[in-house]
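What the coordinates show
Here are the chains, one letter per residue:
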Amino acid sequence: MSRTGSCACGAIQFKITAPFIGVGMCHCTKCQKASGGGPNYVALTPKDGLEVTQGQPSIFQSEGTSGGTIGRAFCGNCGTPLWSIPAHEPFFALKLGALDDSSDLEPEMHIYVSSAPKWHGINDDLPKFPQMPPSG
């Protein structure tokens, strides 16, 4: 399994070498800011399954809802959001829009729906969680 991705200007390029853990939509307020509106569509990628092959992403650090630090990788040249880096999780939350081809991926759940704005209707039968889904 191998996938490639990049930012809009091509300065940052990467490849994914491990299967995704899952695909979903995050409605937290920080993801809304990163997406410029509605949810972020992400694929959970094992941390050892993402390799930057060109360039170096910029990282913005902030506090997540868990109280832990979360980094948000983006291109410092064109601003494309690339992935989030939760401090205490074994995965990156890769932005589906950064992949060269995501046409075969389908979201499996909604998270942080308690933060979804009223103007963003969630009109599907996928599982919905007020914040993170229960672990284990």
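Each chain has its residues counted from 1, following the order in which its sequence is written. At least 70 in pLDDT is required for a residue's local features to be given in this predicted model, at least 80 for side-chain atom pairs to be given and counted, and no such filter applies to totals for whole chains, interfaces and linings, which use all residues. The side-chain values count all of the structure's non-hydrogen atoms but skip hydrogen atoms and water molecules.

The protein chain is annotated in an unreviewed UniProt entry as CENP-V/GFA domain-containing protein of Litoreibacter halocynthiae. Regarding the protein chain, the relevant UniProt record gives this comment under Sequence similarities (unreviewed entry): "Belongs to the Gfa family." UniProt positions are given in the numbering used here, feature names are shortened, and annotations may be inferred rather than shown by experiment.

As a further point, take the packing of aromatic side chains. For Phe, Tyr and Trp, rings pair up if their centres lie within 6.5 Å, where Trp contributes its six-membered ring, and each pair is then called stacked (planes under 30 degrees apart), edge-to-face (over 60) or tilted (otherwise). What the rule picks out here adds up to two aromatic pairs. Measuring from ring centre to ring centre gives 5.4 Å for F14 and W83, while their planes differ by 80°; the resulting arrangement is edge-to-face. With F14 in strand β2 (residues 13–16) and W83 in strand β8 (residues 81–86), this residue pair connects regions lying 69 residues apart in the sequence. With respect to burial, F14 and W83 carry one shared label: buried. Where helices and strands are cited, they refer to DSSP runs of H or I of at least four residues and of E of at least two residues respectively, numbered from the N terminus. Exposure is judged per residue with a 1.4 Å probe applied to protein chains only, and the accessible area is read against the type maximum: over 50% gives exposed, under 20% gives buried, and values in between give partly exposed.

On to the UniProt feature "domain: CENP-V/GFA" (unreviewed entry) in the protein chain. The feature "domain: CENP-V/GFA" (unreviewed entry), as annotated in UniProt, sits at residues 3–120 in this numbering. Taken end to end, residues 3–120 comprises 6% helix and 42% strand; its first and last C-alpha atoms sit 30 Å apart.

Here we take up the pairing of strand β7 (residues 69–74). The sheet contact formed by strand β6 (residues 58–63) and β7 spans six bridges and is antiparallel. Each bridged residue has a counterpart across the sheet, and for E63 the counterpart in β7 is T69. Pairing between two strands is assigned when DSSP locates at least 2 bridges connecting them. Taking the residues between adjacent antiparallel strands as the criterion, β6 and β7 are bridged by five residues, where G67 takes a positive phi near 95°. Bridge count between β7 and β8: five bridges; the pairing is antiparallel. Bridge pairing links A73 to W83 in β8. Joining the antiparallel neighbours β7 and β8 is a turn of six residues, in which G79 adopts a positive phi near 85°.

Within the open sheet, the three strands sit side by side as β1-β2-β5. Their pairing is antiparallel. Lying at the two open borders of the sheet, with one neighbouring strand each, are β1 (3–6) and β5 (50–54). Each adjacent strand pair in this sheet contributes to an overall mean axis angle of 25°, direction not counted. One ladder, built from four bridges, connects β2 with β5; its direction is antiparallel. For I16, the partnering residue across the bridge sits in β5 and is L50. Here the axes come from fitting lines to C-alpha atoms, over the contacting stretch only for helices, and the angles between their N-to-C directions go from 0 to 180 degrees.

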